[in-house]
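These are the residues of each chain, in order.
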Amino acid sequence: MMLTPASPGPICSSLMACKIKVDLGARSYEIRVGEGVLAQVGALCRELELGPSALVVSDEHVNPLYGPAVESSLRAAGFQVGRVAVPAGESSKAEARLFRLYDEALDRGLDRRAFVVALGGGVVGDLAGYFAASYLRGIRYVQVPTSLLAMVDSSVGGKTGINLPRGKNLVGAFHQPVLVAADITTLRSLPPREYAAGLAEVVKYGVIRDAAFFARLEANLAGLRSGEPALLEDVIAHCCRIKAEVVRLDERERSLRAILNFGHTLGHALEQVTGYGTYLHGEAVSLGMAFAARLSTRLAGLPADEAERIENLLRALGLPVDRPDLDWSAARRAMTLDKKTQDRVLKFVLADRIGAARPGVEAPDAVLEEVWTEGRQPKKR
Ligand code: GLY
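Keep in mind it's a predicted model, so treat the numbers as computed, not measured. (Residues numbered from 1 in each chain as written. Predicted model: local features only at pLDDT ≥ 70, side-chain atom pairs only at ≥ 80, totals over all residues. Heavy atoms only, no water.)

(A) Representation of the pattern of salt bridges within the structure. Enumeration over the complete set of coordinates arrives at 25 salt bridges. For the salt bridge of K204 with D153, the shortest nitrogen-to-oxygen distance reads 3.9 Å. Separated by 51 residues along the polypeptide, K204 in helix 6 (residues 192–209) and D153 in helix 5 (residues 148–154) bring together distant segments of the chain. The same class applies to K204 as to D153, namely buried. In this structure, E253 engages K159 in a salt bridge whose closest nitrogen and oxygen atoms are separated by 2.5 Å. Note that E253 is positioned in the loop between helix 9 (229–249) and helix 10 (264–273) and K159 in strand 7 (residues 159–164), a separation of 94 residues in sequence. Connected through salt bridges with shared partners, the residues E90, K93, D126, K168 and E271 form a single ionic network. (Salt bridge = Lys/Arg side-chain N within 4 Å of Asp/Glu carboxyl O. Helix = DSSP H or I, 4+ residues; strand = E, 2+ residues; numbered from the N terminus. Buried < 20%, exposed > 50% of the residue type's maximum accessible area, 1.4 Å probe, protein only.)

Below, the structure written as structure tokens:
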């Protein structure tokens, strides 16, 4: 089933793997989205004349599932392959893991022609990407995302990094991959909660850049919830197209790229204040988007019925939107620590309407607190 269009316009023209170009001059690359892409990784790397050695970096959940297939695809294409797995979870985005990867690479004698294959979700992509950005002053890498969130967001655009004890992503680099290969069959092994969390970033693209896409999501709820393959391929490819365009226009996040952080100011704060143990990233972003939508009606003229549509779509996709049971002062403090805050003034990405967002809108504290307080609390069970 293809997307039911709510308005005319093709999203993905074929059932073969979609190809999307990220157009960045000498740093341009292709994103492949489709079924069976995993088995093509070796051949695609050979076309790019990478190698001769590849280091596949994965995590302990993903590696047993897809590591052997990626390794055989690379070997069949003539590469020498090493494979390492880090523990699954955010704690692997840390200095200790990064330094173990340097040791691993040195032990294997990897030189500057070697390349990295980041096989996994956002944590693996960020860690392996930063390893590739910094090892021997930079080697090439391929992103093979296996979570919905990584496919539509973190694998594209070249943001890499690790966390420090004092905050998320405080060390990193912009380092573009040479290829993104997203095999949607890997989503079948994704826990339902993680799949739903990835949908939050999908909704984000509609809100910030494409009203027709947003309407198509509203019109395809059942297929989205069940992960219908052709629909997913269309949706993921479309999100990648939007991201590729934003990154092309503002690779280093001087201004426009910040719209990709819609919902993230509060989202990151909620993750931080709850010790990263309560919400998945996408769930925190969903709460942050519902908040940012209400804030947008106050400060950016977003019509109230459009804010409601945003909240309703998130809710219909099984995502949280109701105000968390948390003190405003704790959430506010955590927002100040976000690295997007400048001179302690909170700036938000707000939507003027569904399909158009702008970054850097200053939000007075009194308004923020009112919007927080008017948010509906979840029903107590
Ligand atoms: N995830 C936001 C960005 O890539 O800019």
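So much for the structure itself; the text now carries on.
(B) Molecular detail of the site of the ligand. What surrounds the ligand is the set D153, K159, K243, E253, R257 and L260. One nitrogen or oxygen atom from the side chain of K159 is found 2.9 Å from an oxygen atom belonging to the ligand. Measuring from an oxygen atom of the ligand, one finds a side-chain N or O atom of R257 at 2.8 Å. In the complex, the protein chains occlude 88% of the 200 Å² of accessible area that the ligand would expose alone. Residues of the shell around the ligand, tallied by class, amount to 1 nonpolar, no polar and 5 charged. (Near = heavy atom within 4 Å. Polar contact = N/O pair within 3.5 Å; in protein donor to acceptor, adjacent residues only side chain to side chain. Areas by Shrake-Rupley, 256 points an atom, 1.4 Å probe, with all protein chains shown as cover. Nonpolar A, V, L, I, M, F, W, Y, C, P; charged D, E, K, R; others polar.)

(C) Quick peek at the packing of helix 11 (residues 281–299) against helix 12 (residues 304–316). Between helix 11 and helix 12, the least distance of the axes is 8 Å, while the angle of their chain directions is 175 degrees. The orientation of helix 11 with respect to helix 12, classified from their angle, is roughly antiparallel. Of helix 12, the residues touching helix 11 (which contributes S286, M289, A290, A293, R294 and T297) are A304, A307, I310, E311 and L314. (Axes fitted to C-alpha atoms, helices over the stretch in contact; angles between N-to-C directions. Parallel < 35°, antiparallel > 145°, perpendicular 65-115°, else oblique. Contact = heavy atoms within 4.5 Å.)

(D) Seen up close, unusual backbone geometry. Note the cis peptide between G51 and P52, where omega equals 20 degrees. Locating P52 in the fold gives a position in the loop between helix 1 (41–47) and strand 3 (53–59). The phi angle at E49 is positive, at roughly 60 degrees, despite the residue not being glycine. Mapped onto the elements of the fold, E49 is located in the loop between helix 1 and strand 3. For Y276, which is not glycine, the phi torsion reads 60 degrees and is therefore positive. Note on placement: Y276 falls in the loop between helix 10 and helix 11.

(E) Main features of the packing of helix 6 against helix 11. As a packed pair, helix 6 and helix 11 sit with axes 7 Å apart at the nearest point and diverge in direction by 40 degrees. In terms of their interaxial angle, helix 6 and helix 11 are classed as oblique. Read as a crossing pair, helix 6 and helix 11 show a hand that is left-handed. Residues R193, A197, A200, E201, V203 and K204 of helix 6 pack against H281, G282, E283, V285, S286 and M289 of helix 11. (Left-handed = near helix turned anticlockwise from the far one by under 90°.)

(F) Geometry of the packing of aromatic side chains. With the rule as written, the count across this model stands at 8 aromatic pairs. With 5.7 Å between their ring centres and 40 degrees between their planes, Y102 and F131 make a pair best called tilted. Remark: F131 occurs in helix 4 (residues 122–134) and Y102 occurs in helix 3 (residues 95–107); sequence separation between them is 29 residues. A relative accessible area of 15% means that Y102 is categorised as buried. Between F291 and F348, the aromatic rings sit 6.1 Å apart at their centres with planes inclined by 50 degrees, giving tilted as the arrangement. Here F291, found in helix 11, pairs with F348, found in strand 10 (residues 347–353); they are 57 residues apart in sequence, far enough to count as distant. Pair check on accessibility: F291 and F348 agree, each one buried. An aromatic cluster is present here, built from F99, Y102, F131 and Y135 joined pairwise through their rings. (Phe/Tyr/Trp six-rings, centres within 6.5 Å; stacked < 30°, edge-to-face > 60°.)

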